[in-house]
Amino acid sequence: KVTFENLSLRDKTFTDKVLQEFTEINNFKESVKSPAFTPFTIAKLSLSNRIVMSAMGQYAATNGLINDWHLVHYGSRATGGVGLIITEMTAVSPDGRITEGCTGIYTQEHTEAWKRLVDFVHQHSKAKIAIQLGHSGRKGAWETISASPIPFTENSSIPKQMSLQDMELVISQFVNAAENADSAGFDLIELQAHH
């Protein structure tokens, strides 16, 4: 594993040059010791640093509803100083969950629970928080749907091939979930569409 610190031990002139160019390109007033702790902007969203917590499934929800586990999990990362948190894949419908422990944002109750968490992050840290919206597709633990009748694994059930009506339904579920995420105050919405 070669890290920036390891490269510095091998050739400090190289890493010093990289940091100098990074400082100049970004118009920072003083020399940067670590690019990870510099601000970063994505479209109109400004992050206090470049440290991003990627989505990690917790499988701790009940009927899609987040709980205190999620508040502590995400809240501790926010207060710990990350620039951006990306939530675990959050389902757009009950059958869009992969497991019974997956989170959802398809009801008002879900939206209110997420709002409590988002408000905590915004109130107690400089972190921004994104929600990753998704649908289990062929990967779910119940009757599944997919673009084709190909199972997720050889031991999985064969999913129902989606009709145009099914596609319209899933699209409307994503729209509803995005509207709910906006109501909850998320700073960014990421679509997870590989299932």
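Structure report, in brief. In this text, all values refer to a predicted model and were calculated from it rather than measured experimentally.

### Here's the deal with helix 4 (residues 108-124)
Here's step 1: Relative to the 24 Å expected for 17 residues at 1.5 Å per residue, helix 4 spans 24 Å between its end C-alpha atoms, a close match to the ideal helical length.
Here's step 2: On its buried face, helix 4 sits against helix 3 (68-79), strand 4 (84-91), strand 5 (103-104), strand 6 (128-134) and helix 5 (164-184).
Here's step 3: By the N-cap criterion, in which a side-chain oxygen at the helix start approaches the backbone nitrogen of a residue two or three places on, helix 4 is capped by Thr107, the distance to Glu109 being 3.4 Å.

### Examining the nonpolar core
Here's step 1: Ranked by internal contacts, the top residues of the largest apolar core, which has 26 residues, are Ile105, Trp114, Leu117 and Phe186.
Here's step 2: When contributions to this core are tallied by element, the ones reaching two or more residues are helix 3, helix 4, strand 6 and helix 5.
Here's step 3: Ignoring any residue separated from it by four or fewer positions in sequence, one finds Leu117 in contact with Ile66, His70, Leu71, Tyr74 and Ile129.
Here's step 4: Among the nonpolar cores identified, the runner-up in size contains 5 residues, and Leu45, Leu47, Leu84 and Ala130 belong to it.

### Let's talk about the packing of helix 4 against helix 5
Here's step 1: Relative to each other, helix 4 and helix 5 sit at 40°, their axes nearing to 8 Å. In this view, helix 4 runs oblique relative to helix 5, as classed from their interaxial angle. Viewed along their axes, helix 4 and helix 5 form a crossing whose handedness is right-handed. Here Thr111, Trp114, Lys115 and Val118 of helix 4 come into contact with helix 5, specifically with Asn180, Ser183 and Ala184.
Here's step 2: Split into classes, the residues belonging to the contact of helix 4 with helix 5 amount to 3 nonpolar, 3 polar and 1 charged.

### Looking at the environment of Thr23
Here's step 1: If you trace the backbone, Thr23 turns up in helix 2 (residues 12-25).
Here's step 2: When its relative accessible area of 9% is taken as the criterion, Thr23 is described as buried.
Here's step 3: With 107 residues separating them in the primary sequence, Thr23 and Ala130 have C-alpha atoms 28 Å apart.
Here's step 4: In this view, Thr23 contacts Phe28, Glu30, Ser31 and Val32; residues no more than four positions away in its chain are not counted.

Basis of the calculations
- Residues numbered from 1 in each chain as written.
- Predicted model: local features only at pLDDT ≥ 70, side-chain atom pairs only at ≥ 80, totals over all residues.
- Heavy atoms only, no water.
- Helix = DSSP H or I, 4+ residues; strand = E, 2+ residues; numbered from the N terminus.
- Expected span 1.5 Å × (residues − 1).
- Contact = heavy atoms within 4.5 Å.
- Polar contact = N/O pair within 3.5 Å; in protein donor to acceptor, adjacent residues only side chain to side chain.
- Core = buried A, V, L, I, M, F, W, Y, C linked by side-chain atoms within 4.5 Å.
- Buried < 20%, exposed > 50% of the residue type's maximum accessible area, 1.4 Å probe, protein only.
- Axes fitted to C-alpha atoms, helices over the stretch in contact; angles between N-to-C directions.
- Parallel < 35°, antiparallel > 145°, perpendicular 65-115°, else oblique.
- Left-handed = near helix turned anticlockwise from the far one by under 90°.
- Nonpolar A, V, L, I, M, F, W, Y, C, P; charged D, E, K, R; others polar.

Bear in mind that shape data such as this cannot, by itself, settle questions of function.
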